[in-house]
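Reading the structure
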Amino acid sequence: MQKSIAQLADGRELVYYDTDGSPAREDAPDLRPLDPLTARPELRRDPATGDWVTIAAHRQVRTYHPPADACPLCPSRDGRLSEIPAPDYQVAVFENRFPSLAAGAGRCEVVCFTPEHSGGFADIGPERARLVLDAWTDRTAELHARPGVRQVYCFENRGAEIGVTLAHPHGQIYAFTEVPPRTAKMLASAAAHRAATGRNLFDDLLDGARAAADRVVLRGDHWTAFVPYAARWPYEVHLYPHRRVPDLTRLTEAERAEFPGLYLDLLRRFDRLFGRPEPTPYISAWHQAPLEAGEELALHLELFTVRRTADKLKYLAGVESGMEAFVNDVAPETAALRLREAA
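Residues numbered from 1 in each chain as written. Predicted model: local features only at pLDDT ≥ 70, side-chain atom pairs only at ≥ 80, totals over all residues. Heavy atoms only, no water.

1. Remarks on the overall build of the protein
Put simply, the rule is: For helices the rule is a DSSP run of H or I covering at least 4 residues; for strands it is a run of E covering at least 2, with both sets numbered from the N terminus onward. The size measure is the radius of gyration over C-alpha atoms, and the globule rule it meets is 2.2 Å times the number of residues to the 0.38 power. Residue exposure (1.4 Å probe, protein chains only): buried if accessible area is under 20% of the type maximum, exposed if over 50%, otherwise partly exposed. Residue contacts are counted whenever heavy atoms from the two residues lie within 4.5 Å of one another. Throughout, the Shrake-Rupley method with a 1.4 Å probe supplies accessible areas, and for residues the shown protein chains are the sole cover considered. Positive residues here are Lys and Arg, negative ones are Asp and Glu, while His and the chain termini are left out of the count. The atom standing in for a charge is NZ when the residue is Lys, CZ when it is Arg, CG when it is Asp and CD when it is Glu.
When its secondary structure is counted, the protein shows 6 helices and 15 strands. In terms of overall dimensions, the protein is globule-like: its C-alpha atoms have a radius of gyration of 20 Å, near the 20 Å expected for 343 residues. Along the first, second and third principal axes, the C-alpha atoms of the protein reach 55 × 45 × 40 Å. For the protein, with 343 residues in total, the buried portion stands at 51%. Pairs at least 24 residues apart make up 62% of the contacts formed inside the protein by residues separated by at least 6 positions. About 15,400 Å² of surface is accessible on the protein, with carbon and sulfur atoms providing 52% of the total. Counting 41 positive and 49 negative side-chain charges, the protein places the centres of these two groups 3 Å from one another.

If you want it as structure tokens, here you go:
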């Protein structure tokens, strides 16, 4: 992997990731007349629940569904200037211009998977998927080393139904200074499980899923993808490495080499689920352990869609939005069967 670091016109950092031997890209200047970034999101703690909430009012004016010829994530070429000054790139990561976290409250980055505007992650091929994995890993190491950062969260929102406002294939990385609510719940469950059994919760979850073949979607030599026993979403798959590690930086070369093929297979199965011409909307989220958690929280990826049938979406109703009490319309074993059949 080749890494080139540049700076955008308003002072934000931009990092290009390329396969070895690609031309250096940091010499392409950002010619846009941008004012320095002044966003100041604020973290507030809900005293009733203890959850942290980000107040980021400046995001109301972020770029919203621009036409393809004004996409800020395409390369700068043919007289059009974008967030990527170079006329071409393979993978690019830059500080978000409209961050939810910034200035002492964390950091938000955008990850561009490809210079091509159309398509999605499932279309980029194994070599580019591996480069994205390497970029996620490098950013995890870089952000974990920053003062105050406790957890690094790499994720992708795909599809207008999810709320995505830019169609270009991309994801995001958040560096949290406070442990998010879902992670806090996982850590509490892991601690209770350790106290009760003496074992690691995530080891037992993986072993249980692999033993219950009706919830396994696919498996390789180093990874297994399965539908969780108490899935919250109609089609939800968790992808675990067989060897427990806390984050992406601890994966072996063999584990890294196998991941792209399995992950691309999963995404393509999601796209085939409903027989629709457009891709299936989804959220794909890497759960990595906070620095202070050691190896109790195991690295894994959670992939789910808000679509429950070909023409129906899974909306969070009052009991789910108001009480966080999920009701799933599809049995996990049925979801796993359908995903196996979508190979």
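2. Quick notes on helix α6 (residues 332–341)
Basically, it comes down to this: The arc in question is traced by the directions running from the helix axis to the C-beta atoms.
For α6, the full list of buried residues reads P332, A335, A336 and L339. The arc that holds the buried residues of α6, viewed along the axis, is 100°, so those residues lie on one side. Where α6 is buried, its residues contact β9 (216–219), β11 (235–241) and α4 (253–272).

3. Notes on the packing of helix α1 (residues 125–144) against α4
Selection criterion: Here the axes come from fitting lines to C-alpha atoms, over the contacting stretch only for helices, and the angles between their N-to-C directions go from 0 to 180 degrees. Helix crossings are classified by the rotation of the near helix relative to the far one: an anticlockwise turn of less than a right angle makes the crossing left-handed, while a clockwise turn makes it right-handed. All amino acids are sorted into three groups, where Ala, Val, Leu, Ile, Met, Phe, Trp, Tyr, Cys and Pro are nonpolar, Asp, Glu, Lys and Arg are charged, and the leftover types, Gly among them, are polar.
Contact geometry of α1 with α4 gives a least axis separation of 9 Å together with a crossing angle of 120°. For the pair α1 and α4, the sense of crossing is right-handed. Of the residues in α4, those in contact with G125, P126, A129, R130, L133, D134, W136 and T137 of α1 are E253, R256, A257, F259, P260, L264 and R268. For the contact of α1 with α4, the residue count by class is 8 nonpolar, 2 polar and 5 charged.

4. Observations concerning the pairing of strand β4 (residues 52–55)
Working note: regular strand, side chains alternate between the two faces of the sheet. Stated formally: Two strands are said to pair when DSSP picks up at least two bridges between them.
Here 4 bridges tie strand β3 (residues 42–45) to β4, and the two strands are oriented antiparallel to one another. Looking at the pairing, R45 lines up with W52 of β4. Here β3 folds back onto β4 in antiparallel fashion, the turn holding 6 residues, of which G50 has a positive phi close to 85°.

5. Considering the nonpolar core
Selection rule: Here, nonpolar core refers to any group of buried Ala, Val, Leu, Ile, Met, Phe, Trp, Tyr and Cys residues whose side-chain atoms link them within 4.5 Å.
Within the largest apolar cluster, 51 residues are counted, with the highest numbers of intra-cluster contacts made by F121, W136 and W286. Among all residues touching F121, those that are not within four sequence positions of it are F113, A129, V132, W136, E156, R158, Y263, L264, L267 and Y282. Listed in part, the 15 residues of the second largest apolar core include L14, Y16, L73 and A86.

6. Remarks on the packing of helix α2 (residues 181–197) against helix α3 (residues 201–211)
Our working rule: Just so you know how the angles are binned, under 35 degrees is roughly parallel, over 145 roughly antiparallel, 65 to 115 roughly perpendicular, and the rest oblique.
Remark: α2 packs on α3, axes separated minimally by 8 Å, with the N-to-C direction vectors making an angle of 90°. Overall, the two elements α2 and α3 adopt an arrangement that is roughly perpendicular. Residue-level inspection shows M186, S189, A190 and H193 of α2 in contact with α3, the latter providing L201, F202 and D204. For the contact of α2 with α3, the class distribution of residues is 4 nonpolar, 2 polar and 1 charged.

7. A look at unusual backbone geometry
Located in the positive-phi region is H65, a residue other than glycine, with phi close to 45°. Structurally, H65 is set in the loop between β4 and β5 (91–95). Residue classification places H65 among the partly exposed residues on the basis of a relative accessible area of 41%. With a phi close to 55°, D78 is a non-glycine residue in the positive phi region. Tracing the sequence through the fold places D78 in the loop between β4 and β5. Given a relative accessible area of 80%, D78 falls into the exposed group.

8. Considering the packing of aromatic side chains
Two measures describe an aromatic ring pair: the distance that separates the ring centres and the angle between the ring planes. The following threshold applies: Aromatic pairs are defined between Phe, Tyr and Trp rings, using the six-membered ring for Trp, whenever the two ring centres lie within 6.5 Å; interplanar angles under 30 degrees are classed as stacked, those over 60 as edge-to-face, and all others as tilted. Each ring is checked for a lysine NZ or an arginine CZ that lies within 6 Å of its centre and within 35 degrees of its normal; such an atom marks a charge sitting over the ring.
What the rule picks out here adds up to 17 aromatic pairs. Ring centres 5.4 Å apart and planes at 35° place the aromatic pair F226 and Y240 in the tilted group. Note that F226 is positioned in strand β10 (residues 223–226) and Y240 in strand β11, a separation of 14 residues in sequence. We note that F226, like Y240, is buried. Taken together, the ring pairs in this structure connect F113, F121, W136, W223, F259, Y263 and W286 into an aromatic cluster. The ring of F326 carries R232 above its face, with NZ or CZ at 5.3 Å from the centroid.

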